[in-house]
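If you want the building blocks of each chain, they are given just below.
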Amino acid sequence: MATIENYVNLPSEADWEEIMTKFPAFASASLSAKAKKDLAFENSDYKAGYYFTRTALPGSSDGVKYVGTDGDLRWTRSYNYDTGLRVALQIIYNPECNLVKGCKKVSRTAEIWDKKKGDTVKTTSKAPVVTFGKKDYIWLNKDECENGKEKSMRLVSLELIARAKQFDKDGNTNDYGSEEAKELRQQCQYKAFEFATEEEKAMLVKVRLSEEDKYEKAEPILKTKQEKTHSEKPRNR
């Protein structure tokens, strides 16, 4: 089975589910100034855009799951061209680093789809937010890190940070690991790194995604102390 090893990706369906469970008002996302300038779609009523996940629609050759302006999970074609870009990355947990010490609680109120009620409901949530590369990220697993259960911080960008490249401009595939999706994968890293310092990049954890589970799980590749000494920092591309 094919695998991908990199630092920054689209969120997965599982990431969306975790946000919806822990911080439901953040399931949808507002557009950054850059995303607005790039003309990513924005719903004027919800004050939010929509964004790709890396999860393919089962049984489809071109369907990709995406999160709508009301925070609900739907699907769209892989050639969709006005989607916002939300990214996910992992950072080694160090309670003494400035990134962790600068964690803050952010409140958001949004109209979020409630499946039980079959309607949107005004929802307010508070989420822990940290800053990496001058961009804010929701810290999904703060409790797990602080309790010693997980060694890397799993982060998803607070906003849609740009207009996303097409998953596949010809609409022939929904395979996140395909050559057609390479430009989108590279965009994820470039946009996350564009203002990051060398110190911040050194904290990043490379992850491994596998075709076997349709690139759903991002497995952190945690290095030994000896390996860290000889490792290279991730670079902008």
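Worth saying up front: this structure is predicted, and the values here are computed from it rather than measured. (Residues numbered from 1 in each chain as written. Predicted model: local features only at pLDDT ≥ 70, side-chain atom pairs only at ≥ 80, totals over all residues. Heavy atoms only, no water.)

Let us look at the sheet that holds strand 10 (residues 152–157). Across a sheet, paired strands are connected by hydrogen bonds in the backbone, their directions being either parallel or antiparallel. The strand order across the open sheet formed by six strands is 2-6-10-9-8-7, and the pairing between neighbours is antiparallel. Because the sheet does not close on itself, it has two edges, and the strands there are strand 2 (8–9) and strand 7 (104–114). (Pairing = 2+ DSSP bridges. Helix = DSSP H or I, 4+ residues; strand = E, 2+ residues; numbered from the N terminus.)

Before going further, it helps to examine the packing of aromatic side chains. Scanning the model with the defined rule gives eight aromatic pairs in all. Their ring planes at 75° and their centres at 5.5 Å tell us that Phe52 and Phe167 sit as a pair that is edge-to-face. Placement of the pair is Phe52 in strand 3 (residues 51–56) and Phe167 in the loop between strand 10 and helix 5 (182–193), with a sequence separation of 115 residues. Taken as a pair, Phe52 and Phe167 share a single burial class, namely buried. Here Phe167 and Tyr176 contribute two aromatic rings whose centre-to-centre distance is 6.1 Å and whose plane-to-plane angle is 50°, an arrangement assigned as tilted. (Phe/Tyr/Trp six-rings, centres within 6.5 Å; stacked < 30°, edge-to-face > 60°. Buried < 20%, exposed > 50% of the residue type's maximum accessible area, 1.4 Å probe, protein only.)

Right, let's talk about helix 1 (residues 13–22) for a bit. Since one α-helical turn is 3.6 residues long, residues separated by three or four positions face the same way. For helix 1, the set of buried residues is Glu13, Asp15, Trp16, Glu18 and Ile19. The secondary structure elements touched by the buried residues of helix 1 are strand 3, strand 4 (63–67), strand 5 (73–77), strand 6 (88–92) and strand 10. At the N-terminal boundary of helix 1, the capping side chain belongs to Ser12, with an oxygen 3.3 Å from the backbone nitrogen of Ala14. (Contact = heavy atoms within 4.5 Å. Polar contact = N/O pair within 3.5 Å; in protein donor to acceptor, adjacent residues only side chain to side chain.)

Attention shifts here to the side chain of Asp15. Structurally, the position occupied by Asp15 is in helix 1. Lacking a salt bridge, the buried Asp15 has Arg54 as its closest oppositely charged neighbour, with an N-O distance of 4.1 Å. Asp15 has contacts with Arg54, Ala88, Leu140 and Val156, leaving out every residue within four places of it along the chain. (Lys, Arg positive; Asp, Glu negative; His and termini not counted. Salt bridge = Lys/Arg side-chain N within 4 Å of Asp/Glu carboxyl O.)

Before going further, it helps to examine the side chain of Ser32. In this fold, Ser32 is placed in the loop between helix 1 and helix 2 (33–37). At a separation of 3.1 Å, a polar atom in the side chain of Ser32 contacts the main-chain amide nitrogen of Ala35. Beyond its immediate sequence surroundings of up to four residues, Ser32 is in contact with Glu159, Leu160, Ile161 and Ala162.

As a further point, take the environment of Asp45. Among the structural elements, Asp45 can be located in the loop between helix 2 and strand 3. Residues Asp45 and Thr69, 24 residues apart in the sequence, show an inter-C-alpha distance of 9.3 Å.

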